[in-house]
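Chain residues, written in single-letter form:
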Amino acid sequence: MSQLNQRLLYLRYKWSFKKFLAELLEKRWMDAIIPFVVMVTVIIVFGSQVDNYFSPMVLSMTARDFAEPGFVALAMAICLISGGIDLSVGGIFAIVNFLALLLIHVYGWPVIMVVPVSLLIGAILGALNGLLIGFLKTKAFLTTLVTMISFRAIVKLLNLKYATEIALSAKNNPYESAAWDFLGDGSLFGIPSDVVVLIIIAFLGHILLTRSRPGWHLYAVGGGRRSARHVGIKVERIIFFVYVISGILTAIGAVFYAARLDSAASETGVGLEILVLMSVVLGGVSIMGGKGTPGRALMGIVIVMVVMNALLRLGVNSAMNSLVQGMILLFAIGVDVKWLKHLYASIEKIYVVPTYLSLPKALDPRQGSGTVFEFNDKMEDTETIGLDQVDGPEDVILDRKGRLYGSVRQGWIVRFSGENFSKREIFANLGGRPLGMAFDKNENLVVCVGGMGLYGVKPDGEVFKITDETNRTWTRLKDDSRIRLADDCDIAPDGKIYFSEATIRYKMEEWPVDGQECRPNGRLICHDPETGITKTVVRNLIFPNGVCLAHDGKSILIGLTWKCDVLRYWIEGPKKGKIETLISGLPIYIDNINRASDGTYWLASVGLRTPVYDLAMEMPSFRLRMVKFVPSDEWLYPNVNWGCVIKFNEQGQVLESYWDPNGAFSHVTSMREHKGYLYLGGLHNNRIGRLKIKGADPEWTGPNSYWGNR
Amino acid sequence: MVNKMWTLFKKIFARGKEQYVIPPLDGALLPNNAIDRFKVIHDDFKNIDDMVLDLKGNLYLSSDHFVYRLHGKGFSEKQIYVELKGTAGGLNIDKNGNLMICVAGQGVLVVNKGKVIRDLNMADSQPINCPTAVVSGPDGELFITDGTAYHEPERWYVDLMEKRSAGRLIRFNNNGTKSEVLLTSLSYPGGLTISNDKKYIIMTEGWKHRVSRYPILDVRPQTREVLLDNLPGYPGRIVTASDGGYWMSFFAMRTHLVEFVLQEKKYRLKMMKIIDPAYWIRPAFASGEDFLEPLQAGHAKTLGIMKPWAPPRSYGLIVKLNNDYEIIKSYHCRVDGKRHGITGLCDDAGILFAVSKGNSLVLRAGREEL
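Reading the values: the criteria
Residues numbered from 1 in each chain as written. Chains lettered and ligands numbered in written order. Predicted model: local features only at pLDDT ≥ 70, side-chain atom pairs only at ≥ 80, totals over all residues. Helix = DSSP H or I, 4+ residues; strand = E, 2+ residues; numbered from the N terminus. Rg over C-alpha atoms; globule rule 2.2 N^0.38 Å. Buried ≥ 20, exposed ≤ 12 C-beta atoms within 10 Å, placed from the backbone. Contact = placed C-beta atoms within 7 Å. Nonpolar A, V, L, I, M, F, W, Y, C, P; charged D, E, K, R; others polar. Pairing = 2+ DSSP bridges. Axes fitted to C-alpha atoms, helices over the stretch in contact; angles between N-to-C directions. Parallel < 35°, antiparallel > 145°, perpendicular 65-115°, else oblique. Left-handed = near helix turned anticlockwise from the far one by under 90°. Domains from an automatic or database assignment. Core = buried A, V, L, I, M, F, W, Y, C linked by C-beta atoms within 7 Å.

Student: So what's going on with the overall build of chain A? Residues and values would help.
Tutor: Secondary structure assignment for chain A yields 19 helices and 27 strands. A globule of 710 residues ought to have a C-alpha radius of gyration of about 27 Å, yet chain A, at 34 Å, is considerably larger. Across its three principal directions, the C-alpha atoms of chain A cover 110 × 60 × 45 Å. Residues classed as buried in chain A amount to 47% of the 710 residues present. Nonlocal contacts in chain A, meaning residues at least 24 apart in sequence, comprise 63% of its contacts between residues at least 6 apart.

Here it is as structure tokens:
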């Protein structure tokens, strides 16, 4: 294939709309996109149909009308999120409205007293629901249905007794209070008072729900009550408070209603529960629980109010009005349900977007090829350490005392010591998937933990977090601030920790999918322990894996696994900040890189390039279809059953290769030289290997090489 | 026409969906390690293919350019019976006890006491380049399957990856003077036998993964009766069993990846053009020895072990069919085993001999192993 052709193919697959779309859809706020679009549409459509719809005067009036059910919608939303429902909101609304008016007009209480007492009444009524549903574990639907009927009956009784009294006293001695008037029709900066309060409460509620522990507990309870209980959340208490809050929010709406209309009519709040229920569901608060935000609830109520209001003003009769409303709601709910149902499946379908990668022709590693990679038996005499005592030591390292550490799948650092490394102990339990390791100046073990970030282990085994966040790329849709797959690290003489993050698009256990994608999803990150700042220094690397500080301490070597390249990143000297390719197109897939005693470097190969895999790399659409149609267990892989260790020098020249003819140390992901021996680890191996190296310095150790003799 | 439209429709709306039809190894096909328990009687032959027992109790084995005669106690002694110009493949014995040998690129030879008495190499003015199996009918006529018109038997996988259907079933009269092509456009027919009731001829077709039978007196495409369809592997030779029923071998198994690559024309053609056939994505008689071979996710060694349920690039499988052509028992050598690519079978009064072409082993299974 011609160079131009290759270049064109590369460009064709470099940027992908599908990738953008998948990352866009993955955003949490995309859940609400359908209600948002509906809201904007109804506002535009009805706004253009009704004269003067957007004049400040009309807008302010509409807004004032909308705020009262708005509070009730918030109340309903919080109940739905908790996995319940509150049908008694209409009843509470009516009772609070009535009692507030009673206190104002008949008993002449001051506003400053009336408002808290009204809210308290709301809270008490809500608490009744909460007690029944939370602690006595009655069904929310039936319970609130019963309380709805009861509250309505109470309103009727109160009405029979006090209605005329309220009406008479309101007429005979009108209540004079600036505060009460302000609640009824005052405004702040031109915004109606109730709207201001609603926005403040919705905002606080949003923060509380999405950014606080009680909020998360609420979502957990709504999403799966049993699981929430199992993780130790106090489910009863949460549910109790949900209904109390629901009562208070409803009461706030009722007070504003009372102040605005001064009407104690018995049909106050009739049908309110249905209206708000429809609104919040329309806004995308799931009736199944665990999903939704105050913002979405308000979006729902805006849609409903706009439609109702506009139809009213267009002179549509009330029966027709209800019908049109019903139709719109039905349509929107249908779309919303389908959207939420298929959203995640769609993301999964389009998330993997393979790209074009053409690797240079590989040197032949077969026996008799005569190349430096030629298969040999140099690793035949490898001794075995800890057979079946380790599960996948991705990296191995030795300390000054000659103790051997392995990072294993269970999330442990396993330590071997004593004669022939026969004593095994669990040095530290990190969780996650510990990968690359390095010792810092103070003999702390710095560990890259897949799924967690960069952690440290003190010599006494105490674990501490170093960093799990870096600066976000603002030009990128996907939030890449969290470190997902820290892979290997090394420490510069000034103490800065350089580590690779293999990919930002996939999780630890999904790394082979990144191999199918072969996109530059990885990066090199630097953490400065002095300032505590973590910063991404090189972006867009194709699965950066091994990281090694050069012998002179002036540059960092980075191994790119799928690209089969070794890069050099300068951290000191005239080329500081520059990156250059040191070795390109190896016939092996690169894992960790480490120093050798003779001033060169060891490089572990996790697998071999195979001709069919190389060809697949040049055909992104083939790989895409394979990922889609072939079960993941049958995907084409690089040949990870054969691995080797190679040695290269400062100039990037490959000097020799070490192969294991027995295949016991297949899949080598790391190696460390220590006092004339090479220690071998592997991501899927059940052992650590130890090989005597001919001609190696028998006194050389890693810690001495980095931090000097001590 | 309708068929073509349907194919087009599937190409557009259901790309790659066809591969999901590979049935799992379940029921009578549940994997076991039975072949690993078979006894090895010879492991020093090269490129072996088939075995047959003659009327006098001699065992013949085709290996490279030779047919060997195995005799003595436990057939441990061997001698060259006949030397050939091409690679020897399928073997069988005709009604008179003569040995019939399929020779790659040469056709079928009928041999009596080491001497060639008939040389059947042409049918319908086309050479029989890929003879895969031969069987003698009740009247002494010979049925021969010609696997494909394009390749010799050693290059069977090229035929598969080219998605050919160019095999033939040929009948010769009993003195070999007259030939007749009965069926064409077969998808690599590789096994032939006469049914136990002598009324039918049974034939396996590799690339169509099926076994069919035809009335022996009336072999036409219209009289075909499919006995087994959509098998999980590529069926090869089939022989009658001494206690009724049949033995059938699968020389390789189907995998999702191979089926997928068969759908992927662009990739497949390019792979065939630029890559050494040893490293293609394709089924094979043996695998795992060369590190440039394709590897699938399931093959990755974990904790030093290759999982036996990994996708099989090569596999060993023998099945027993009853007289109703139902699979009643199966003998496996799984992915981690080393007795793959079973091509030849021979039943000696309840003792089964099998040829593992992939690992060049002659195997014997007595009653305790079966």
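And the narrative resumes.
Student: Outline the overall build of chain B, listing residues and values.
Tutor: Along chain B, the regular secondary structure elements total 4 helices and 27 strands. In terms of overall dimensions, chain B has a C-alpha envelope of 55 × 55 × 40 Å along the principal axes. Residue burial in chain B is summarised as follows: out of 370 residues, 47% are buried. Long-range contacts, defined as pairs at least 24 residues apart, comprise 51% of the intrachain contacts of chain B with a sequence gap of at least 6.

Student: Could you give an account of the interface of chain A and chain B, with specific residues and numbers?
Tutor: In this assembly, 32 residues from chain A lie in contact with 31 residues from chain B. Mapped by element, the contributors of at least two residues to the side of chain A that touches chain B are helix 17 (611-617), helix 18 (620-629) and strand 22 (636-637) of chain A. With 4 residues, helix 18 of chain A is the single largest residue contributor to the side of chain A that touches chain B. A class-by-class count of the residues in the side of chain A that touches chain B yields 18 nonpolar, 9 polar and 5 charged. Of the pairings in the sheet, the one linking strand 22 of chain A to strand 22 (residues 295-296) of chain B comprises 2 bridges and is antiparallel in character.

Student: Mind laying out the packing of helix 5 (residues 89-106) of chain A against helix 12 (residues 235-261) of chain A, listing which residues take part and the relevant values?
Tutor: Residue and element names in this part refer to chain A. Viewed as axis vectors pointing N to C, helix 5 and helix 12 meet at an angle of 50 degrees, and their least axial separation amounts to 8 Å. As the angle between them shows, helix 5 and helix 12 are arranged oblique. In terms of crossing hand, the pair formed by helix 5 and helix 12 is right-handed. Counting all contacts with helix 5, which are made through Val89, Ile92, Phe93, Val96, Asn97, Ala100 and Leu101, the residues of helix 12 involved are Ser246, Gly247, Thr250, Ala251, Gly253, Ala254, Val255, Tyr257 and Ala258.

Student: Just give me the short version of the domain arrangement of chain A, but keep the residues and values in it.
Tutor: Much of the literature gives interface size as the accessible area that the parts lose upon coming together. Domain parsing of chain A yields domain 1 (15-348) and domain 2 (383-470 + 481-707). Each of domain 1 of chain A and domain 2 of chain A has a C-alpha centre, and these two points are 55 Å apart.

Student: Mind laying out the pairing of strand 18 (residues 565-570) of chain A, listing which residues take part and the relevant values?
Tutor: All names here are of chain A. Of the strand pairs in this sheet, strand 17 (residues 555-560) and strand 18 are connected by 6 bridges, and their pairing is antiparallel. Paired with isoleucine 556 across the two strands is tyrosine 569, which belongs to strand 18. Hairpin connection between strand 17 and strand 18: a loop of 4 residues separates the two successive antiparallel strands, and cysteine 564 in this loop has a positive phi of roughly 60 degrees. When strand 18 meets strand 19 (residues 579-583), the two strands line up antiparallel, connected through 4 bridges. Bridging from a neighbouring strand, valine 566 pairs with isoleucine 583 of strand 19.

Student: Now, about the sheet that holds strand 20 (residues 233-240) of chain B: what can you tell me, with residues and values included?
Tutor: Strand pairing in a sheet takes place through backbone hydrogen bonds and is either antiparallel or parallel in direction. Residues and elements named next belong to chain B. What the 4 strands build is an open sheet, ordered 20-21-23-24; its pairing is antiparallel. Looking at strand neighbours, the two that pair on one side only are strand 20 and strand 24 (327-333), the edges of this open sheet. Between one strand axis and the next, the sheet turns through 20 degrees on average, direction left out of account. Pairing between strand 21 (residues 246-253) and strand 23 (residues 316-321): 5 bridges, direction antiparallel. The partner of serine 249 across the bridge, within strand 23, is isoleucine 318.

Student: Lay out the nonpolar core in plain terms, naming residues and giving numbers.
Tutor: Residue and element names in this part refer to chain A. In terms of nonpolar packing, the biggest core is built from 119 residues, with Val446 and Val447 touching the most fellow members. Among the elements that make up this core, the one with the highest residue count is strand 21 (residues 601-608) (6 residues). With sequence-adjacent residues up to four places away left out, valine 446 is seen in contact with Met437, Ala438, Asp440, Leu454, Gly456, Ile466, Cys489, Ile491 and Ile497.

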